[in-house]
Amino acid sequence: MPLQSMTGFARSEGAVGRYRWSWELRSVNGKGLDIRFRLPNGMERLEGELRRIASERVSRGNIQAALTLTAESAGMQAVLNRDAFDAVLRLRDELGDLVDTAPLQLDTLLSIRGLVDFRESEDSEEAIAELDRAVLDSARVAFERLQAMREREGTSLADLFEAQLTKIATLADMIEADPARSPQEIVRKLSQQLQTLMEAGPSLDSDRLYAEAAMLATKADIREELDRLKSHVVAARELLAEGGPVGRKLDFLAQEFNRESNTICSKSNSAAVTAAGIELKVVIDQFREQIQNLE
């Protein structure tokens, strides 16, 4: 499954009967999946199905989905208030000879307030069902386009991640190959420091000094940190190859990268190792920053 960025935009349009509409989707970073629909009055009935459609295409990010719907006039229809009409007829019968018994004229009926109501024609159940199907199909197209855009950006991010992981691995190799890391160089430096101490304080216990030096040498060893750093690079590449929503896992690895680089810098015994460690931290920070854009 391809990687997906969490940022993207998509649009789709459609028309059926007297209706026209457009969908606009905007996606940005988010800790989980948060979809907010802006629907015209009366279209809220589709929200449940819309959420199901969205969850098939995206699993993380803050998404704004807006539907704009316009309709041509359906024409006017006259609606007779039957209760009011029956009341008029009953009143005429009750009055009998007191009023003109000639048949009621249309203009007379229209002049009676509330007897006839003119309103826009209502859609049939079939027309409403057709509109719902068409709007949902259009939403599927919009979410497919959003997914495609997020995947394109995900591919670009994958290339960037690979370059950063390669840089991390290269810096780890540089640190490992630094002459200051060789056993001979470590022994030489410790011996030199011990000699200086012994000359400055002849009364110091030489056995105790050598024991302390051995302990410091052990603490300064960064072999384990380098091994873990390299194993994290392998794990990150495996996740990138796996694809799908792996952003959270990569973010955890980025934290581990940072922890190892901090330890390497704190244990450094040479300017070259310190410089490489600082550069390592910069690359790791860039890696982690970009990971925040990944689903």
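For the structure itself, look to the data block above.
Now for a look at the structure at hand. (Residues numbered from 1 in each chain as written. Predicted model: local features only at pLDDT ≥ 70, side-chain atom pairs only at ≥ 80, totals over all residues. Heavy atoms only, no water.)

Turning our eyes to something else, we now look at the side chain of Ser 22. Within the secondary structure, Ser 22 sits in strand E2 (residues 19-28). Ser 22 gets classed as buried once you look at its relative accessible area, which sits at 11%. (Helix = DSSP H or I, 4+ residues; strand = E, 2+ residues; numbered from the N terminus. Buried < 20%, exposed > 50% of the residue type's maximum accessible area, 1.4 Å probe, protein only.)

The interhelical angle for the contact between helix H4 (residues 125-177) and helix H9 (residues 271-291), taken along N-to-C directions, is 160 degrees, at an axis separation of 10 Å. If you check the angle between H4 and H9, you find them roughly antiparallel. In this structure, H4 meets H9 at a crossing whose hand is left-handed. On H9, the residues touching Leu 157, Leu 160, Phe 161, Gln 164, Leu 165, Lys 167, Ile 168, Leu 171 and Ile 175 of H4 are Val 273, Ala 276, Gly 277, Glu 279, Leu 280, Val 283, Ile 284, Gln 286, Phe 287, Gln 290 and Ile 291. (Axes fitted to C-alpha atoms, helices over the stretch in contact; angles between N-to-C directions. Parallel < 35°, antiparallel > 145°, perpendicular 65-115°, else oblique. Left-handed = near helix turned anticlockwise from the far one by under 90°. Contact = heavy atoms within 4.5 Å.)

We now examine the pairing of strand E3 (residues 33-38). Relative to strand E4 (residues 61-71), E3 is paired through 6 bridges, and the arrangement is parallel. Each residue of the ladder has a partner; that of Ile 35, found in E4, is Ile 63. Since E3 and E4 lie parallel, the crossover through helix H1 (residues 47-55) that links them has a hand, and here it is left-handed. (Pairing = 2+ DSSP bridges. Right-handed = clockwise from strand over helix to strand, strands pointing away.)

Burial in H1 covers these residues: Leu 50, Ile 53 and Ala 54. Within H1, the buried residues cover an arc of 100 degrees as seen down the axis, which keeps them to one side. On its buried face, H1 is in contact with E2, E3 and H4. (Arc of directions from axis to C-beta.)

Next up on the list: the nonpolar core. The biggest cluster of nonpolar side chains holds 29 residues, and the ones touching the most others in it are Ile 168 and Leu 250. If you list the elements that add at least two residues to this core, you get H4, helix H7 (223-242), helix H8 (247-267) and H9. If we skip the residues at most four places from it in the chain, Leu 250 touches Ala 236, Leu 239, Leu 240, Phe 287, Ile 291 and Leu 294. With 26 residues, the next largest nonpolar core counts Ala 10, Trp 23, Leu 67 and Leu 136 among its residues. (Core = buried A, V, L, I, M, F, W, Y, C linked by side-chain atoms within 4.5 Å.)

This next bit is on the packing of aromatic side chains. In this structure the tally under the stated criterion is 2 aromatic pairs. Arranged with centres 5.5 Å apart and planes meeting at 70 degrees, the rings of Phe 161 and Phe 287 form a pair that is edge-to-face. Of this pair, Phe 161 sits in helix H4 while Phe 287 sits in helix H9, placing them 126 residues apart in sequence. Classification of Phe 161 as buried rests on a relative accessible area of 0%. Taking relative accessible area as the criterion, Phe 287 reaches 1% and is therefore assigned buried. Ring plane angle 80 degrees and centroid distance 5.8 Å describe the contact between Phe 257 and Phe 287, whose orientation is recorded as edge-to-face. Linking Phe 257 in helix H8 with Phe 287 in helix H9, this pair joins segments that are 30 residues apart in sequence. (Phe/Tyr/Trp six-rings, centres within 6.5 Å; stacked < 30°, edge-to-face > 60°.)

Turning next to the pattern of salt bridges. Counted under the stated rule, the structure contains 23 salt bridges. Linking Arg 11 and Glu 24 is a salt bridge whose minimum nitrogen-to-oxygen distance equals 2.6 Å. Taken together, the residues span a long stretch of sequence, with Arg 11 in strand E1 (residues 8-16) and Glu 24 in strand E2 at a distance of 13 residues. A relative accessible area of 32% means that Arg 11 is categorised as partly exposed. Using a relative accessible area of 26% as the deciding quantity, one classes Glu 24 as partly exposed. Several salt bridges share partner residues, and in doing so they unite Glu 49, Arg 52, Glu 56, Asp 137 and Arg 140 into one network. (Salt bridge = Lys/Arg side-chain N within 4 Å of Asp/Glu carboxyl O.)

Packing of H7 against H8 leaves a shortest axis separation of 10 Å and a crossing angle of 160 degrees. With respect to H8, the axis of H7 lies roughly antiparallel. Regarding H7 and H8, the two cross each other, and that crossing is left-handed. Between H7 and H8, the contacting residues are Glu 225, Leu 226, Arg 228, Leu 229, His 232, Val 233, Ala 235, Ala 236, Leu 239 and Leu 240 on the first element and Lys 249, Leu 250, Leu 253, Glu 256, Phe 257, Glu 260, Thr 263, Ile 264 and Lys 267 on the second. Its residues assigned to classes, the contact of H7 with H8 comprises 11 nonpolar, 2 polar and 6 charged. (Nonpolar A, V, L, I, M, F, W, Y, C, P; charged D, E, K, R; others polar.)

Here Ser 138 is to be found in helix H4. Beyond its immediate stretch of four places on either side in the chain, Ser 138 contacts Ser 12, Glu 13, Trp 21 and Trp 23.

Turning next to the environment of Ile 128. With respect to the element layout, Ile 128 can be found in helix H4. Its relative accessible area of 35% is what places Ile 128 among the partly exposed residues. Spatially, the C-alpha atom of Ile 128 lies 9.9 Å from that of Gly 17, the residues being 111 residues apart in sequence. With residues near it in sequence (within four places) discarded, Ile 128 still touches Arg 45 and Asp 123.

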